[in-house]
Amino acid sequence: MAVVPDSLGAQVTRFAIRSLVAVASGVMAAGFLGWRAGALVAVLVALSYLLSATLAPHLRAPWGRGRLLRALHRNGYHVVPCDQSRHVAIGAGGVYLLETRTWRHVVSRDGDTIMLGTLPVRRAAERISAHAARLERSLHLAENWPGVKVTPVITAAGRMPEPVLHVGRTIITRPRQVVEYLLAQPTILDPQDVTGIAQRFTACPVP
């Protein structure tokens, strides 16, 4: 999961597109407000691109899918994509099925029910738990690694009543806490086991 730098062609293309956007913005402004306003708009657009390129590398990235997966990879987890919204993380602390589409809703309790926004989280938890069970069977974990199960994880970006919530076998937490939670788990797989499970698939073998 190494980050590959942009090629020279990609950099030139990006510069050309941004230059065209700045010029086009200036021409449109000039048509409505005069050439001075057009020149000012073009300069401001170009300056915004320059500031973005200069400051972005120094800003702390939000905890989204990419940063979550990179953090797990740096800490020794093999990360295998299932589809656009799910990944499997395999490491010393076990096997986890991550719902990496982060929910932008407040997680709350309504009595004994955990709510995701205005909807009970139980349905989403049941779907990802069923997927995790199919993974266990397809990977033959019970036969080859007794006691190892696939733990489903749902990430949420909204307010939560507790750092980590449990709905059945499913864990609900923020992207940052996913890494902290996994690294805090006791070691149940040695490096050979981790590699062996990871090598069983290059993508999830079940839908």
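Structure first, text after, so check above.
Here goes a summary of the coordinates provided. Nothing here was measured: the structure is a model prediction, and the numbers come from that model.

Definitions and limits used
Residues numbered from 1 in each chain as written. Predicted model: local features only at pLDDT ≥ 70, side-chain atom pairs only at ≥ 80, totals over all residues. Heavy atoms only, no water. Salt bridge = Lys/Arg side-chain N within 4 Å of Asp/Glu carboxyl O. Helix = DSSP H or I, 4+ residues; strand = E, 2+ residues; numbered from the N terminus. Buried < 20%, exposed > 50% of the residue type's maximum accessible area, 1.4 Å probe, protein only. Pairing = 2+ DSSP bridges. 1 Å grid on protein atoms, 1.4 Å probe; cavity = no way out; pocket = protein on both sides within 12 Å on 5 of 7 lines; lining within 4 Å. Points joined across faces, edges and corners; volume = space filled by probe spheres on them. Nonpolar A, V, L, I, M, F, W, Y, C, P; charged D, E, K, R; others polar. Contact = heavy atoms within 4.5 Å. Axes fitted to C-alpha atoms, helices over the stretch in contact; angles between N-to-C directions.

**Quick look at the pattern of salt bridges**
Consideration 1: Counted according to the given criterion, the structure contains four salt bridges.
Consideration 2: A salt bridge links Glu-99 to Arg-86, with the shortest nitrogen-to-oxygen separation between them at 3.1 Å. Linking Glu-99 in strand β3 (residues 94-103) with Arg-86 in strand β2 (residues 86-91), this pair joins segments that are 13 residues apart in sequence. The pair Glu-99 / Arg-86 is uniform in exposure class, with both members buried.
Consideration 3: The shortest N-O distance in the salt bridge between Glu-126 and Arg-122 comes to 3.3 Å. Within this pair, Glu-126 and its partner Arg-122 are both found in helix α4 (residues 122-139), separated by four residues, close to a single helical turn.

**Observations concerning the pairing of strand β5 (residues 113-116)**
Consideration 1: Pairing geometry for strand β4 (residues 107-110) and β5, over four bridges, is antiparallel. Across the sheet, Val-107 pairs through a bridge with Leu-116, a residue of β5.
Consideration 2: Here two bridges tie β5 to strand β6 (residues 119-120), and the two strands are oriented antiparallel to one another. Directly across from Met-115, in β6, lies its bridge partner Pro-120.
Consideration 3: Hairpin connection, β5 to β6: the antiparallel pair is bridged by two residues, and Gly-117 has positive phi, about 70°.

**Points about the layout of surface pockets**
Picture a little ball the size of a water molecule; that probe, rolled over the atoms, points out where space is still empty.
Consideration 1: Approximately 170 Å³ is the volume attributed to the largest pocket.
Consideration 2: Taken together, Trp-103, His-105, Leu-116, Leu-119, Pro-120, Val-121, Arg-123, Ala-124 and Arg-127 make up the full set of residues lining the largest pocket.
Consideration 3: Elements supplying a minimum of two residues to the lining of the largest pocket: β6 and α4.
Consideration 4: Looking at the lining of the largest pocket element by element, the count peaks at three residues for α4.
Consideration 5: The residue makeup of the lining of the largest pocket, split by class, is six nonpolar, one polar and two charged.

**Digging into the environment of Thr-102**
Consideration 1: Relative to the helices and strands, Thr-102 is located in strand β3.
Consideration 2: On the basis of relative accessible area, Thr-102 is assigned to the buried category, the value being 16%.
Consideration 3: Along the chain, Thr-102 and Pro-175 lie 73 residues apart, while their C-alpha atoms are 7.7 Å from each other.
Consideration 4: Not counting residues within four places of it along the chain, the set of residues in contact with Thr-102 comprises Thr-155, Ala-156, Ala-157 and Pro-175.

**As for the sheet that holds strand β7 (residues 150-156)**
Consideration 1: Judged by pairing direction, the sheet is mixed, and its six strands sit side by side in the order β1-β2-β3-β7-β9-β8 without closing on themselves. Because the sheet does not close on itself, it has two edges, and the strands there are β1 (78-81) and β8 (164-167). Averaged over all pairs of adjacent strands, the angle between strand axes in this sheet comes to 25°, irrespective of strand direction.
Consideration 2: Note: β8 against strand β9 (residues 170-173), four bridges, orientation antiparallel. Note that in β9 the partner of Val-164 across the bridge is Thr-173.

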